[in-house]
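# Working through the structure, step by step
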Amino acid sequence: MNDPSQQGYLVTVGEVLAVLAASDTGPLALGSDLRLGLAGAESNVAVGVSRLGGSATWIGRVSDDALGDLILRELRAEGVTTVAARDRAPTSLLLRERRTATHSRTRYYRTHTAGARLSPGDIPEDLVAGAAVLHITGITPALGEGPARAVTRAVDIAVDAGVPVSLDINFRSLLWHEQEAGRTLLPLLRRSDLVFAGPHEARLMVPDADGPEELAKRICDLGPAGAVIKLGAEGAYALLDGREHRQPAVPVTLHDSVGAGDAFAAGYLAELLAGEPPEKRLRTAALLGAFAVSTTGDWEGLPRRNELDLLDHYDDIVR
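Residues numbered from 1 in each chain as written. Predicted model: local features only at pLDDT ≥ 70, side-chain atom pairs only at ≥ 80, totals over all residues. Heavy atoms only, no water.

## Here's the deal with the packing of aromatic side chains
Applying the stated criterion to the full structure yields two aromatic pairs. Ring geometry for Phe 196 versus Phe 264: centroids 6.3 Å apart, planes at 80°, classification edge-to-face. Separated by 68 residues along the polypeptide, Phe 196 in strand S10 (residues 194–197) and Phe 264 in helix H8 (residues 260–273) bring together distant segments of the chain. Residue class for Phe 264 comes out buried when judged on its relative accessible area of 8%. Their ring planes at 80° and their centres at 5.6 Å tell us that Phe 196 and Tyr 268 sit as a pair that is edge-to-face. Of this pair, Phe 196 sits in strand S10 while Tyr 268 is found in helix H8, placing the two residues 72 residues apart along the sequence. Here Phe 196 and Tyr 268 have matching classes, each one buried. (Phe/Tyr/Trp six-rings, centres within 6.5 Å; stacked < 30°, edge-to-face > 60°. Helix = DSSP H or I, 4+ residues; strand = E, 2+ residues; numbered from the N terminus. Buried < 20%, exposed > 50% of the residue type's maximum accessible area, 1.4 Å probe, protein only.)

Set out below in structure tokens:
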């Protein structure tokens, strides 16, 4: 198996969407200024790893429209290597409404788009086989048969080459039903080395388990060497190579919870690539999750490595 601590690169496979997010609270039907951005679970992780000094490559299919140009420009500006086929189909769209200060609504427009046309032929074998880690999520397989087969192809290559596979369950009820997600993701989980999940997501894999300790153990019984159960404000519980770890959350003022799980995974994987022990991986993961929920956007507020100590001071400090 490749050793991630040799400062190799992370590879991830998925879709990036254009995001239209309301700037103000209230019903979108009454009109609102919209901010244009981009988001994607896998690309969020790639950006987070890159900002911490790691090397990350994103594989996907991108429209040849202006939004596709925006996606490639932004990822490359963040230091992420992009391997993307261009497609005449349009870019997927995510519309985000801030209905109240504490409640948001999301609507996807992802049918017949470039990302949904991802296929096994888009996965470069040499690139995946040479990676230190392959990171996948449960979102891409939900986009259709082609994307699901593309993710499976990436896992096939990684497993054959001894590349560790990281899986974030990342269940999205707007994309598929729980039963379908469980059936589709279980074979991928069995071949993964590390699994990230919230309690509800973990129960899609092990329905009769409960509590973070049992959930993590039952997931590891299926094959992975490690399972990290994300517990929100309660932090995280991890079972890694048979050893238990508990990581408290970092106290911050909640501003926007979008992207917290991706940020957590990015922090953990960046430290894994750097050869750091589990305790530091989990601490950095918690820090990136805290940055994500205390700033606006899916990835925009993620820190550089020299900013990680900012949250050691959670009163109002001007620097």
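## A word on the nonpolar core
If you look at the biggest cluster of nonpolar residues, it comprises 46 residues, and the most contacted ones within it are Val 49, Phe 196, Val 228, Tyr 268 and Leu 269. Those elements that provide at least two residues to this core are helix H1 (41–51), strand S4 (55–63), helix H2 (66–77), S10, strand S12 (236–240), H8 and helix H9 (278–293). Examining the composition of this core, we find that nine residues originate from one element, H8, more than from any other. With 43 residues, the next largest nonpolar core counts Val 11, Ile 157, Ala 209 and Leu 239 among its residues. (Core = buried A, V, L, I, M, F, W, Y, C linked by side-chain atoms within 4.5 Å.)

## Points about the pattern of salt bridges
If the charged atoms of two oppositely charged side chains come close together, the side chains can form a pair. Enumeration over the complete set of coordinates arrives at 22 salt bridges. Between Arg 86 and Asp 69 there is a salt bridge, with the nearest N and O atoms lying 2.8 Å from each other. Highlighted residues: Arg 86 in strand S5 (residues 81–87) and Asp 69 in helix H2, separated in sequence by 17 residues. We note a salt bridge from Lys 230 to Asp 168, for which the minimum N-O separation is 3.5 Å. Placement of the pair is Lys 230 in strand S11 (residues 226–230) and Asp 168 in strand S9 (residues 165–168), with a sequence separation of 62 residues. Given a relative accessible area of 1%, Asp 168 falls into the buried group. When salt bridges that share partners are traced, they join Arg 61, Asp 87, Arg 117 and Asp 122 into one network. (Salt bridge = Lys/Arg side-chain N within 4 Å of Asp/Glu carboxyl O.)

## Description of the pairing of strand S7 (residues 104–109)
Bridging between strand S6 (residues 93–98) and S7 involves six bridges; their strand directions are antiparallel. Across the sheet, Leu 94 pairs through a bridge with Tyr 108, a residue of S7. Count of turn residues in the S6/S7 antiparallel hairpin: five residues. (Pairing = 2+ DSSP bridges.)

## Some points on the sheet that holds S6
Ordered by their spatial adjacency, four strands build an open sheet running S3-S2-S6-S7, and the pairing between neighbours is mixed. Every other strand in the sheet has two partners, leaving strand S3 (34–39) and S7 as the edge strands with one partner each. In this sheet, neighbouring strand axes are inclined to one another by 20° on average, regardless of whether the strands run parallel or antiparallel. Of the strands in this sheet, strand S2 (17–25) and S3 touch H2, which is tilted by about 60° from S3. (Axes fitted to C-alpha atoms, helices over the stretch in contact; angles between N-to-C directions. Contact = heavy atoms within 4.5 Å.)

## A short note on the environment of Gly 198
Structurally, Gly 198 can be placed in the loop between S10 and helix H6 (199–205). Separated by 72 residues in sequence, Gly 198 and Ala 270 have C-alpha atoms that sit 20 Å apart. Look past the residues within four positions of Gly 198 in its chain and what remains in contact with it is Ile 229 and Lys 230.

Purely geometric stuff here, so don't read any function into it on its own.
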